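Listed below are the residues making up each chain.
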Protein chains: 2
Amino acid sequence: MTKYDSAPTMKDVAKDAGVSLGTVSKVVNGLPVGKVYQRKVEASIQKLNYQVNSYAKGLKTNKTYTVAFLVPDTFNPFFGWMTYYINRELEKRGYRMLLCATNADTRMEQSYITMAQQNKVDGIICLSYNEGLQVQEGLPFVTIDRHFSGSIPCVSSDNFSGGQMAAQRLDELGCRHVAFLSVGSPLVNETTKRGDGFLSYCASHGLAYELLRLYDGAPFSEFTDFLQQHLAGEAPVDGIFCVNDSLAVKIIRYLREQGVRVPEDVQVIGYDGVKDYITEDYHCSTIIQPLDKMAEVSVDMLLSQDWSNTPTLVCLPVTYASGGTTKE
Amino acid sequence: MTKYDSAPTMKDVAKDAGVSLGTVSKVVNGLPVGKVYQRKVEASIQKLNYQVNSYAKGLKTNKTYTVAFLVPDTFNPFFGWMTYYINRELEKRGYRMLLCATNADTRMEQSYITMAQQNKVDGIICLSYNEGLQVQEGLPFVTIDRHFSGSIPCVSSDNFSGGQMAAQRLDELGCRHVAFLSVGSPLVNETTKRGDGFLSYCASHGLAYELLRLYDGAPFSEFTDFLQQHLAGEAPVDGIFCVNDSLAVKIIRYLREQGVRVPEDVQVIGYDGVKDYITEDYHCSTIIQPLDKMAEVSVDMLLSQDWSNTPTLVCLPVTYASGGTTKE
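Quick summary incoming for the structure in this document. What you see is a predicted model; the values in this text were computed from it and never measured. (Residues numbered from 1 in each chain as written. Chains lettered and ligands numbered in written order. Predicted model: local features only at pLDDT ≥ 70, side-chain atom pairs only at ≥ 80, totals over all residues. Heavy atoms only, no water.)

It is worth spelling out the overall build of chain A at this point. Summing up its helical and strand segments, chain A has 11 helices and 12 strands in all. A compact globule built from 328 residues should have a C-alpha radius of gyration of about 20 Å, whereas chain A, at 25 Å, is more than 25% larger. Over its C-alpha atoms, taken along the principal directions, chain A stretches across nearly 95 × 40 × 30 Å. Relative to its full complement of 328 residues, chain A shows a buried share of 54%. A separation of at least 24 residues holds for 68% of the contacts in chain A among residues at least 6 apart in sequence. (Helix = DSSP H or I, 4+ residues; strand = E, 2+ residues; numbered from the N terminus. Rg over C-alpha atoms; globule rule 2.2 N^0.38 Å. Buried < 20%, exposed > 50% of the residue type's maximum accessible area, 1.4 Å probe, protein only. Contact = heavy atoms within 4.5 Å.)

Moving on to the nonpolar core. Counting 64 residues, the largest nonpolar core has Phe69(A), Met82(A), Ile86(A), Phe69(B), Met82(B) and Ile86(B) as its most contacted members. Setting aside residues no more than four positions away along its own chain, Met82(B) makes contact with Phe69(B), Leu127(B), Ile144(B), Leu291(B), Met294(B) and Ala295(B). (Core = buried A, V, L, I, M, F, W, Y, C linked by side-chain atoms within 4.5 Å.)

Let's shift gears to the relation of the copies chain A and chain B. Least-squares fitting of chain A to chain B yields an RMSD of 0.1 Å, with the superposition described by an axial translation of 0.1 Å and a rotation of 180 degrees. What the superposition gives is, in effect, a two-fold axis relating one chain to the other. Distance from the rotation axis, computed per C-alpha, reaches its smallest value in chain A at Leu98(A): 2.2 Å. A high fraction, 100%, of the interface residues of chain A reappear at the interface in chain B, so the copies pair face to face through one surface. (Least-squares fit on C-alpha atoms with pLDDT ≥ 70 in both.)

Moving on: the interface of chain A and chain B. Between chain A and chain B, the contact holds 47 residues from the first and 47 residues from the second. The interface formed by chain A and chain B includes two salt bridges. Counting across the chain A and chain B interface gives 16 residue pairs in polar contact (both at pLDDT 80 or more). Per-element tally for the side of chain A that touches chain B: the top contributor is helix α5 (residues 77-92) of chain A, with seven residues. Along the lines of polarity and charge, the residues of the side of chain A that touches chain B split into 20 nonpolar, 17 polar and 10 charged. Two strands pair when backbone bridges link them, and strand β2 (residues 96-101) of chain A and strand β2 (residues 96-101) of chain B are joined in this way by three bridges, in the antiparallel orientation. The partner of Leu99(A) across the bridge, within β2(B), is Met97(B). (Salt bridge = Lys/Arg side-chain N within 4 Å of Asp/Glu carboxyl O. Polar contact = N/O pair within 3.5 Å; in protein donor to acceptor, adjacent residues only side chain to side chain. Nonpolar A, V, L, I, M, F, W, Y, C, P; charged D, E, K, R; others polar. Pairing = 2+ DSSP bridges.)

The next thing to look at is helix α11 (residues 291-303) of chain A. Residues and elements named next belong to chain A. For α11, spanning 13 residues, the distance from its first C-alpha to its last is 18 Å, which sits close to the expected 18 Å at 1.5 Å a residue. Those residues of α11 that fall on the buried side of the exposure criterion are Leu291, Met294, Ala295, Val297, Ser298, Val299, Met301, Leu302 and Leu303. Packed against the buried residues of α11 are β1 (66-71), α5, β3 (123-126), β4 (141-144), β5 (154-157) and β11 (313-316). (Expected span 1.5 Å × (residues − 1).)

Let us look at the packing of aromatic side chains. The geometry of an aromatic ring pair is captured by two quantities: the separation of the ring centres and the angle between the planes. Residues and elements named next belong to chain A. Counting across every chain of the model gives 26 aromatic pairs over all chains. Plain terms: the ring middles of Trp81 and Tyr84 are 6.3 Å apart, the flat faces sit at 90 degrees to each other, and that makes the pair edge-to-face. Of this pair, Trp81 and Tyr84 both sit in helix α5, three residues apart, which is roughly one turn of that helix. Residue classification places Trp81 among the partly exposed residues on the basis of a relative accessible area of 22%. You can call Tyr84 buried: its relative accessible area is 7%. (Phe/Tyr/Trp six-rings, centres within 6.5 Å; stacked < 30°, edge-to-face > 60°.)

Bringing the packing of helix α1 (residues 10-17) of chain A against helix α2 (residues 21-28) of chain A into the picture now. Residues and elements named next belong to chain A. One way to put it is that α1 packs onto α2 with a least axis distance of 9 Å and a crossing angle of 110 degrees. Of the possible angle classes, the one that applies to α1 and α2 is roughly perpendicular. Handedness of the α1/α2 crossing: right-handed. Contacts between α1 and α2 involve Met10, Lys11, Val13 and Ala14 from the former and Leu21, Val24, Ser25 and Val28 from the latter. Grouping the amino acids of the contact of α1 with α2 by side-chain chemistry returns six nonpolar, one polar and one charged. (Axes fitted to C-alpha atoms, helices over the stretch in contact; angles between N-to-C directions. Parallel < 35°, antiparallel > 145°, perpendicular 65-115°, else oblique. Left-handed = near helix turned anticlockwise from the far one by under 90°.)

With that out of the way, let us pick up the sheet that holds strand β1 (residues 66-71) of chain B. Taken together, the 12 strands give an open sheet; going across it, the order is β11(A)-β5(A)-β4(A)-β3(A)-β1(A)-β2(A)-β2(B)-β1(B)-β3(B)-β4(B)-β5(B)-β11(B), and neighbouring strands pair in mixed fashion. Edge positions in the open sheet fall to β11 of chain A together with β11 (313-316) of chain B, since each of these has one partner strand only. Going from strand to strand, the sheet's axes swing by 25 degrees on average, the running direction of each strand aside. For β5(A) and β11(A), the ladder comprises four bridges, and the chain directions are parallel. Looking at β11(A), one finds that Ser157(A) is bridged to Leu316(A).

All right, on to the pattern of salt bridges then. Residue and element names in this part refer to chain A. Evaluation of the coordinates by the stated rule reveals 24 salt bridges over all chains. Residue Asp196 is joined to Arg213 by a salt bridge in which the shortest nitrogen-to-oxygen separation is 3.0 Å. Taken together, the positions of Asp196 in helix α8 (residues 192-205) and Arg213 in strand β7 (residues 208-215) put the pair 17 residues apart, joining distant regions of the chain. Judged by relative accessible area, which is 31%, Arg213 ranks as partly exposed. Each of the salt bridges in this network shares a partner with another, and the network as a whole consists of Arg88, Glu89, Lys92, Arg93 and Asp300.

It is worth spelling out the sheet that holds strand β10 (residues 285-288) of chain B at this point. Residues and elements named next belong to chain B. In spatial order, the strands read β7-β6-β8-β9-β10-β12; together these six strands make up an open sheet with mixed pairing. Strands with a single pairing partner mark the edges of an open sheet, and in this sheet they are β7 (208-215) and β12 (319-321). On average, adjacent strands in this sheet sit at an angle of 20 degrees to one another, irrespective of strand direction. Here strand β8 (residues 239-242) pairs with strand β9 (residues 267-272) via three bridges, running parallel. Bridge pairing in β9 places Phe241 opposite Ile269.

With that out of the way, let us pick up the side chain of Ser157(B). Residues and elements named next belong to chain B. Tracing the sequence through the fold places Ser157 in strand β5 (residues 154-157). Note on Ser157: relative accessible area 0%, which makes it buried. Among the polar contacts made by the side chain of Ser157, one reaches the side chain of Tyr271 at a distance of 2.9 Å. There is a polar contact of 2.9 Å between the side chain of Ser157 and the side chain of Gln289.

What follows is about unusual backbone geometry. All names here are of chain A. Residues Val262 and Pro263 are joined by a peptide bond in cis, for which omega reads 10 degrees. A positive phi angle is found at Tyr65, which is not glycine, with a value near 55 degrees. Mapping Tyr65 onto the fold places it in the loop between α4 (53-58) and β1.

This part is about the pairing of strand β6 (residues 177-184) of chain A. On a regular strand, each side chain points to the face opposite its neighbour's, so the side chains alternate between the two faces of the sheet. All names here are of chain A. In terms of burial, β6 is a largely internal element, seven of the eight residues being buried. Two elements, β6 and β7, share eight bridges in a ladder whose sense is parallel. Counterpart to His177 in the pairing with β7 is Ala208. The parallel pair β6 and β7 is bridged by α8, and the resulting crossover is right-handed. (Right-handed = clockwise from strand over helix to strand, strands pointing away.)

A word on the packing of helix α1 (residues 10-17) of chain B against helix α3 (residues 35-48) of chain B. Residue and element names in this part refer to chain B. Where α1 meets α3, the closest approach of the two axes is 9 Å, and the angle between their N-to-C directions is 120 degrees. The orientation of α1 with respect to α3, classified from their angle, is oblique. Between α1 and α3 lies a crossing of right-handed hand. Residue-level inspection shows Asp12, Val13, Asp16 and Ala17 of α1 in contact with α3, the latter providing Lys40, Val41, Ser44, Ile45, Lys47 and Leu48.

Nothing here speaks to function; it is all geometry.
Right under this line is the structure:
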């Protein structure tokens, strides 16, 4: 009779190899450890005839150490960076990422949720702007920028403060008549608060404002008609806040084509703060989302053991950077 | 005694539900199918008490329908697009992607190779510029842009032709003295052939050329010293081919800062052809890599059943696009 009269556990392997339980877990899950440790653990596994699969059975649920990340795509730089940071945060904690580029397809999103419910992944982090996703209560699930109904936690940048910050900055830089321009999903999501914060500042500080919120698919001419109207007259718009940098860049290009000088005649601020990969410059003056911190908090919340104690919304602080389209 | 006196198979489920085997496989693997089909299959699974895990056991290897993709990061737009396309191609074939942003860390790359060898993933697609990765013969493994030793297949754009194409274009556009500039890994990889193709054209067509190949970490001043030297004199350089768009953008910016007009005085061509996400413009005149096709071929080769019949190098055709830094 050997020392191990029942099936050996991971603890037995750790003891035999003289390493920590975490090291054995990493080896078993194919994660990187030092070569010397790798060899020690592998030798003990062989010696004790430890069956790798017994590990999973020993836990109260079949832990897979795998988390699914649902994101529309990875070529939008905002999504590309978020994918990178979440991947890094999962890796730090010994987890792997199943990536699903959804193209915003609800059916694909739902199929991954089904997988999670079957315990084929330990949880889901979801960046979706779709309505009607059905998520079981209690399933480890964290959203980014999109506040689902129920108690599903959402992580976002502090969009309301960001909007306020943009208005305050335009105010301080001498603007007397500002505008908020947005285009996006008709669904109420966290990014809607960018405009809310902007208008809240204007209303509470007596700063005159205009407003144009469009939905995806609206023709760009609706923006240009709006601008034509408000750049003329006695009190033309002299400051614009756009819901994201992408829209800001398009608006700035249009203004310059019309002979309107940016920032001399009109100052423009966007939102996101993802630098151009090649030039390493901001695309415009912008409110910067803390993508690394958002990824860290999303992963921490998802893997939190005390799921009941999780806040339903975490807003992370934003900062402002001049990108040459304001008068600093 | 029921109709199913032994453990029911996936075929039994398909027959009972009146759907194809592929549909059952999708449901079992959590992939999207129509709601009606989903319900039919789930009802049959319950009725027959079909055990999902018996599926894997029935195959000669434990197929996971999961492929690992190793890539340095996802914020470099070239990598972001490649990740997206490979994800899409895997999804089309009913496979999922385990994403590993390696930061070019060899140890992390090696740990995923170990996973694959333990049959925890069905194969690996690897975009790595590291040396010394150890890959077992016979392991489903495809590289992009990096030709490993042995019979491991590599998929890349046709770098040699791309280099020739750039030289020919500069020649046709009137250049009389050209230069090739590159910076990258000191390892010989497929991208090295961009310069080879360029110089081959110059040598065979009597086009005078200069050459500066630097390695990662070299100071940018080595480029500017080189340019200072070759933009002066009786036969100044009037055409430049850069190893990628990123370097081309930096060179163009430097030239313009020095009062050298692009494309009037010096024409510049880069390589990659990834458009700016926001402006949707090319960053410069460029050789376009067919990223979607490269992803498709990589996935097809990896999942090919006849692994012995796989070519070791597949070069896919490139195209040229003017991006305003040449005289078209």
